[in-house]
Amino acid sequence: MSINFKELANKYQTPYYVYDFDHITKQYEELKGAFRARKSLIAYAVKANSNLSVIKHLANLGAGADCVSIGEVKRALKVGIAPYKIIFSGVGKIDEEIRQALELDILMINVESDAELNRVELIAKELGKVARISIRVNPNIDPQTHPYISTGLHENKFGVDIDTAKRMYIQCKNSQNLDPVGIHCHIGSQLTQLQPIIESVKIITDLVRNLKAIKIELSFMDIGGGLGIVYKDEVLIDTKEYAQSVLDAMFKLDITVICEPGRFMVGNAGTFVTKVLYEKVNGNKRFVIVDGAMNDLIRPSLYNAYHRIEVLNDNQEFSDCNLVGPVCESGDFFAKNVQLPKTQHNDLVAIYSAGAYGFTMASNYNTRGRVAEIAYEKGIDRLIRKRETFEDIIALEEEFIK
């Protein structure tokens, strides 16, 4: 990424996120190309980075949207993604979200429990509509990833087992208000092993064939997302091998494959840039204190996640330190025991691979305004979300002061 972070800091101040849209284009075209021999839809997982300009960029490339709230559905629609390319997932949809999804006539609601299916059926009946649904099947496959982002085991809250899924599909077949059009499986995020994906897809395709035998014909097989990216030294899944393995498992099935990448699309496109306030030494411990904090990028604190860090100066005097922010929590750090050069006030620090689950998980903790977001495309930068002010933060509270 040949972005001049210093120029952007002078123009937009720090901290900020910058996203390389050319990288996003490359990632989309790579994955779409891997499935070119088959009817397919790349439905971007909006939760990874929900900035409207990011979604719009992917929409222009032909992407659909995988959404986990009605708010994300509305974001996708707002930037021009057609309803027939939108999937609404999530384990806890409230009645109003289900109602709106049916009224918006999106492609399908991805159902994650028999209790939820009953709610969808009841609401569809009240509206006089037929709900297109898919069922998320939990294949009980270990995705070999961080436990917080594992979703394919019975101990996880997501999806239903095979037997429950069969009963739910039969309920749909016998219902006047349910139309089972798809099946869904997603075993986790930041996947770097192909075998768990192959195993789960085989389980799903076996179920598709069993349903076909009892006259339940599905049109869509959603294999989820989760393809990993390089944060440090990960060896990634080859996208062509990934696609071919999925297509091999789907042999002779006339069904459209849906893939839901999020992190894969935007993770390595994003960089979080912050500046050094000062250094501090407590006993033998060195701290580099920056103006960014855990409320801006929570992954290191939440997951103990690794991000490559670069101090943008020429100093070659490296030593061990903790890179920390101003938030009043011991958990406010970007890295612990990391080798960084000696820094000066206003030195910039780039934290890479921050395009996914960075800004989208940000908060106003400590009454800190969320940072600016910048797009960089074909050598040109532009602001895609302005920095929040104090007035922005209190806007929904101020009128209620007594």
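Residues numbered from 1 in each chain as written. Predicted model: local features only at pLDDT ≥ 70, side-chain atom pairs only at ≥ 80, totals over all residues. Heavy atoms only, no water.

Let's talk about the packing of helix α4 (residues 70–78) against helix α5 (residues 95–104)
When two helices pack together, you describe them by how their axes are tilted relative to each other and by the distance separating the axes.
Next up, step 1: In the contact formed by α4 and α5, the axes pass within 10 Å of each other and the chain directions differ by 25 degrees. Of the possible angle classes, the one that applies to α4 and α5 is roughly parallel. Two packed elements cross with a definite hand, and for α4 against α5 that hand is left-handed. Taken together, the residues of α5 that come into contact with α4 (itself represented by Ile70, Val73, Lys74 and Leu77) are Glu97, Gln100, Ala101 and Leu104.
Next up, step 2: Across the contact of α4 with α5, the residue classes break down as five nonpolar, one polar and two charged. (Axes fitted to C-alpha atoms, helices over the stretch in contact; angles between N-to-C directions. Helix = DSSP H or I, 4+ residues; strand = E, 2+ residues; numbered from the N terminus. Parallel < 35°, antiparallel > 145°, perpendicular 65-115°, else oblique. Left-handed = near helix turned anticlockwise from the far one by under 90°. Contact = heavy atoms within 4.5 Å. Nonpolar A, V, L, I, M, F, W, Y, C, P; charged D, E, K, R; others polar.)

Details of the pattern of salt bridges
Next up, step 1: Going through the model one piece at a time under the given rule, you end up with 16 salt bridges.
Next up, step 2: A salt bridge links arginine 132 to aspartate 105, with the nearest nitrogen and oxygen atoms 2.9 Å apart. A residue pair is termed long-range when its members are at least 10 positions apart, and arginine 132 in strand β6 (residues 131–136) and aspartate 105 in the loop between α5 and β5 (108–111) qualify at 27 residues.
Next up, step 3: Take aspartate 105: its relative accessible area is 45%, and that puts it in the partly exposed class. (Salt bridge = Lys/Arg side-chain N within 4 Å of Asp/Glu carboxyl O. Buried < 20%, exposed > 50% of the residue type's maximum accessible area, 1.4 Å probe, protein only.)

Let's talk about unusual backbone geometry
Next up, step 1: In this structure, the amide linkage connecting threonine 14 to the following residue, proline 15, adopts the cis form with an omega of -5 degrees.
Next up, step 2: In this fold, proline 15 is placed in the loop between α1 (5–12) and β1 (16–20).
Next up, step 3: Positive phi, normally seen in glycine, also occurs at asparagine 337, with a value near 55 degrees.
Next up, step 4: Mapped onto the secondary structure, asparagine 337 falls in strand β14 (residues 333–341).
Next up, step 5: Backbone geometry at asparagine 366 places phi at a positive 65 degrees, although glycine is not the residue there.
Next up, step 6: As for its position among the elements, asparagine 366 is in the loop between β15 (348–351) and β16 (372–377).

Observations regarding the pairing of strand β2 (residues 40–45)
Next up, step 1: Most of β2 sits out of view: six of its six residues are buried.
Next up, step 2: Here β2 shows two buried faces, one formed by Ser40, Ile42 and Tyr44 and the other by Leu41, Ala43 and Ala45.
Next up, step 3: Relative to strand β3 (residues 64–67), β2 runs parallel, the two sharing three bridges. Bridge assignment links alanine 45 to a residue of β3, and that residue is aspartate 66.
Next up, step 4: Once you follow β2 into helix α3 (residues 52–61) and on to β3, the crossover reads as right-handed. (Pairing = 2+ DSSP bridges. Right-handed = clockwise from strand over helix to strand, strands pointing away.)

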